[in-house]
Amino acid sequence: MIMNKDTAKKTAELLLQIKAIKLEPNNPFKWASGWNSPIYCDNRTTLSFPKIRNYLRENLADIIEKEYGKPDVIAGVATGAIAIGVLVAQHLNVPFIYVRPEPKSHGRKNQIEGFLDKNKNVVVVEDLISTGKSSLNAVKALKEEGANVKGMVAIFNYGFDIAAENFKNADVKLTTLSDYDHLLEQSLDSNYISEKELETLKNWRENPSKWNQ
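Residues numbered from 1 in each chain as written. Predicted model: local features only at pLDDT ≥ 70, side-chain atom pairs only at ≥ 80, totals over all residues. Heavy atoms only, no water.

Describing the nonpolar core
Okay, step 1: In this structure, Ile21, Ile39, Ile74, Phe156, Tyr158, Tyr180 and Leu183 are the most contacted members of the largest nonpolar core, which totals 42 residues.
Okay, step 2: No other element matches the 7 residues that helix α2 (residues 50-67) contributes to this core.
Okay, step 3: Ile97, Val122, Leu142 and Ala147 belong to the second-largest nonpolar core, a separate cluster that totals 23 residues. (Core = buried A, V, L, I, M, F, W, Y, C linked by side-chain atoms within 4.5 Å. Buried < 20%, exposed > 50% of the residue type's maximum accessible area, 1.4 Å probe, protein only. Helix = DSSP H or I, 4+ residues; strand = E, 2+ residues; numbered from the N terminus.)

A word on the pattern of salt bridges
Okay, step 1: A complete count under the given rule lists 10 salt bridges for this structure.
Okay, step 2: For the salt bridge of lysine 5 with glutamate 185, the shortest nitrogen-to-oxygen distance reads 2.9 Å. Here glutamate 185 lies in helix α6 (residues 180-189) and lysine 5 lies in helix α1 (residues 5-17), a separation of 180 residues in the sequence.
Okay, step 3: Residue classification places lysine 5 among the partly exposed residues on the basis of a relative accessible area of 40%. (Salt bridge = Lys/Arg side-chain N within 4 Å of Asp/Glu carboxyl O.)

A short note on the side chain of glutamine 186
Okay, step 1: With respect to the helices and strands, the residue glutamine 186 is situated in helix α6.
Okay, step 2: Given a relative accessible area of 11%, glutamine 186 falls into the buried group.
Okay, step 3: Within the structure, the side chain of glutamine 186 is placed 3.0 Å from the side chain of glutamate 13, a separation counted as a polar contact.
Okay, step 4: The residues touching glutamine 186, leaving out its near neighbours within four places in the chain, are Lys9, Ala12 and Glu13. (Polar contact = N/O pair within 3.5 Å; in protein donor to acceptor, adjacent residues only side chain to side chain. Contact = heavy atoms within 4.5 Å.)

Overview of unusual backbone geometry
Okay, step 1: The omega angle of the peptide bond from alanine 78 to threonine 79 is -5°, so this bond is cis rather than trans.
Okay, step 2: If you trace the backbone, threonine 79 turns up in the loop between β5 (73-77) and α3 (82-92).
Okay, step 3: Notably, asparagine 93 is not glycine yet its phi reads approximately 60°, a positive angle.
Okay, step 4: If you trace the backbone, asparagine 93 turns up in the loop between α3 and β6 (96-99).
Okay, step 5: Despite not being glycine, aspartate 171 has its phi angle at roughly 55°, a positive value.
Okay, step 6: Residue position: aspartate 171 is located in the loop between α5 (161-170) and β10 (174-179).

Quick notes on the UniProt feature "binding site: orotate" (unreviewed entry) in the protein
Okay, step 1: According to UniProt, the positions carrying the feature "binding site: orotate" (unreviewed entry) are Ser130.
Okay, step 2: When residues no more than four places from it in sequence are discounted, the contact partners of serine 130 are Tyr158, Phe160 and Ala163. (UniProt positions renumbered as here; feature names shortened; annotations may be inferred.)

Focus: the packing of α2 against α3
Okay, step 1: Contact geometry for α2 and α3: axes closest at 9 Å, N-to-C directions at 60°. The orientation of α2 relative to α3 falls into the category oblique. Of the two possible hands of crossing, α2 and α3 adopt the one that is right-handed. In this structure, α2 uses Arg53, Leu56, Arg57, Glu58, Leu60, Ala61, Ile64 and Glu65 to contact α3, whose residues at the interface are Ile84, Leu87, Val88, His91 and Leu92.
Okay, step 2: Residues that form the contact of α2 with α3 fall into these classes: 8 nonpolar, 1 polar and 4 charged. (Axes fitted to C-alpha atoms, helices over the stretch in contact; angles between N-to-C directions. Parallel < 35°, antiparallel > 145°, perpendicular 65-115°, else oblique. Left-handed = near helix turned anticlockwise from the far one by under 90°. Nonpolar A, V, L, I, M, F, W, Y, C, P; charged D, E, K, R; others polar.)

Description of the sheet that holds β10
Okay, step 1: Read from one edge of the open sheet, 6 strands run β7-β6-β5-β8-β9-β10, paired in mixed fashion. Of all strands in the sheet, those with a lone pairing partner are β7 (112-113) and β10, marking the two edges.
Okay, step 2: Across 2 bridges, the pairing between β6 and β7 is antiparallel. From the neighbouring strand, tyrosine 98 faces β7, where its bridge partner is glutamate 113.
Okay, step 3: Packing against the sheet, α2 makes contact with β5, β8 (121-129), β9 (148-157) and β10, and its axis sits at approximately 145° to β10. (Pairing = 2+ DSSP bridges.)

Rendered as structure tokens:
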């Protein structure tokens, strides 16, 4: 879910302006999963724009305090959310850790990097939610180490039904700055897309794995 419609639309506009989100309904991208997609999102681009990264940092921190209360620790999901997670932790003046997709194969074989006491209240920071699988894998790792995971925040959510189902089944609350619906609304308002392209973008989200095959 999003917390504020105005914030959701402004976030979408900022991501479009710096091409962190690209919409190409007539020239689709191919994701690593093999899906054809009219949208590509790389929120790491925001780190190169101080005003925008500060906006994201402040608003993610605001969501965390309002929705979950000030946590003991912020956990970023590697690798995309490490930087924004650090910024949010710094803003809240709390410790930061990050979670790898799987334990390292050498050294201490850590999956969680940083110091984490058991029973600490943790909020997870993500940059992007697609199916939610990798994000929830991080939550699982944190819980196995004794963390009390209060919930997750993210910059953007594609809004796939499978993600909503995965988060519901895992009993993890997710709040994002923006999502696909508000992106489409803002894109149309700002003339990034036409009405015809809007329909194409809506159709993709209905069945992304089969779209444009």
